[in-house]
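# Descriptive structure summary
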Amino acid sequence: MQIQTLPKALMAVAIGGLFAVGASSAFAQDTADLAVKGTIVPGACAATFTGGDTVDFGTIKVADLPADDHVLIGERKTALNVDCAAKKQVWFSLTDSKADTAIQNTKMYTALSGGVLSARHVLGLGAASVDAKTVNLGSYTISSNGRKVDGKVGTNMHSGDKGQTWTSGVMVLTTDRTFSVGDGTALTAGKSFSFPLTIKAALNLGSELQVAQDTKLNGEAVFSINYQ
């Protein structure tokens, strides 16, 4: 997973000019120094992932994969942490850089979560070349529960209109919604936010993944963090 860089602010300064005035040897020449200064400051909030920005599912042997079914290869946990210099409301959205590789079918939904998912819940794990054809490697989901503001657990909040209105609920993240934490009716402001993340991944059919060489899973979820 990759986190989008939060913007940094640059304080603007006015720049004055120095003009050299010609003078004869009969006159003394004065000089004056003009200091041009400004300060580059960090953004009001900074975001990190617990343990770094990579979630590793380790080594999976093709021989261990069922030929005709998608198989869950496990889950990993991390957290999106946002720390602010002053109290802010914070929310985030998600983009899947490998969306065109996501496997979207009933077997995949069942492998990931007992079949209660739909196409908008699953993200892509990348693709590989197998016998001269491109094969999608699998899909994964990201869910978030137990979100905290200043160390206190709040209510999971989501928005379907880019933050204009908010509703409680929804743990499995999708790319068509915005997510935050609040009291059930409105977002909660704070300085320290923790959004726990659980990543579940499942692979394509074993019969499709007869790779001739080591092949890396290559999912990439981009988080865009906003605050006010």
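Presented here is a report on the structure given in the accompanying data block. Just so it is clear, the structure is predicted and the values come from calculations on it, not from any experiment. (Residues numbered from 1 in each chain as written. Predicted model: local features only at pLDDT ≥ 70, side-chain atom pairs only at ≥ 80, totals over all residues. Heavy atoms only, no water.)

### A few points about the overall build of the chain
Looking only at helices and strands, the chain features one helix and 17 strands. Counting all 228 residues of the chain, 33% fall into the buried class. Within the chain, contacts between residues separated by at least 24 positions form 76% of all contacts whose residues are at least 6 apart in sequence. Carbon and sulfur atoms form 51% of the exposed surface of the chain, whose accessible area is close to 13,200 Å². (Helix = DSSP H or I, 4+ residues; strand = E, 2+ residues; numbered from the N terminus. Buried < 20%, exposed > 50% of the residue type's maximum accessible area, 1.4 Å probe, protein only. Contact = heavy atoms within 4.5 Å. Areas by Shrake-Rupley, 256 points an atom, 1.4 Å probe, with all protein chains shown as cover.)

### Regarding the state of the cysteines
This model, assessed by the stated rule, comprises one disulfide. Bridging C45 to C84, the disulfide has an S-S length of 2.0 Å. Negative torsions about the S-S bond denote left-handed disulfides, and the value of about 105° found for C45 with C84 makes this one right-handed. Here C45, found in strand β4 (residues 45-49), pairs with C84, found in strand β5 (residues 71-88); they are 39 residues apart in sequence, far enough to count as distant. Pair check on accessibility: C45 and C84 agree, each one buried. (Disulfide = S-S within 2.5 Å.)

### Regarding the environment of N156
When you line up the elements, N156 lands in strand β13 (residues 155-159). A residue is classified by how much of its surface remains accessible, and N156, at 9% relative accessible area, is buried. Along the chain, N156 and G184 lie 28 residues apart, while their C-alpha atoms are 7.6 Å from each other. Of note is the side chain of N156, whose polar atom sits 2.9 Å from the side chain of N145. Polar side-chain contacts of N156 include one of 3.2 Å to the side chain of R147. (Polar contact = N/O pair within 3.5 Å; in protein donor to acceptor, adjacent residues only side chain to side chain.)

### Side note on the pattern of salt bridges
Counted by the stated rule, this structure contains three salt bridges. K77 is paired through a salt bridge with E75; the nearest N and O atoms lie 3.6 Å apart. The exposure class of K77 is exposed, given its relative accessible area of 62%. Here D176 ties to R120 by a salt bridge, and the two come within 3.4 Å at their closest N and O atoms. Of this pair, D176 sits in the loop between β14 (167-168) and β15 (178-182) while R120 sits in the loop between α1 (106-113) and β7 (123-124), and the two are 56 residues apart along the sequence. (Salt bridge = Lys/Arg side-chain N within 4 Å of Asp/Glu carboxyl O.)

### Let's talk about the nonpolar core
Counting 34 residues, the largest nonpolar core has L80, V82, I142 and F223 as the members making the most contacts within it. Here this core takes six residues from strand β16 (residues 190-203), the largest share from any one element. Leave out the neighbours within four places in its chain, and V82 touches C45, A46, A47, V90, K191, S192, F193, F195 and I225. Ranked by size, the runner-up nonpolar core spans nine residues in total, among them A102, M108, Y109 and A111. (Core = buried A, V, L, I, M, F, W, Y, C linked by side-chain atoms within 4.5 Å.)

### Some thoughts on the packing of aromatic side chains
Two descriptors summarise a pair of aromatic rings, namely the distance from one centre to the other and the angle between the planes of the rings. Scanning the entire structure with this criterion turns up five aromatic pairs. Between the aromatic rings of F92 and F223, the centroid separation amounts to 5.6 Å while the plane-to-plane angle is 45°, which identifies the pairing as tilted. Of this pair, F92 sits in strand β6 (residues 90-96) while F223 sits in strand β17 (residues 221-227), placing them 131 residues apart in sequence. As far as burial versus exposure is concerned, F92 and F223 are alike and both buried. Centre to centre, the rings of F193 and F195 are 6.3 Å apart; their planes meet at 15°, and the pair counts as stacked. One aromatic cluster in this structure is built from F49, F92, F179, F193, F195 and F223. (Phe/Tyr/Trp six-rings, centres within 6.5 Å; stacked < 30°, edge-to-face > 60°.)

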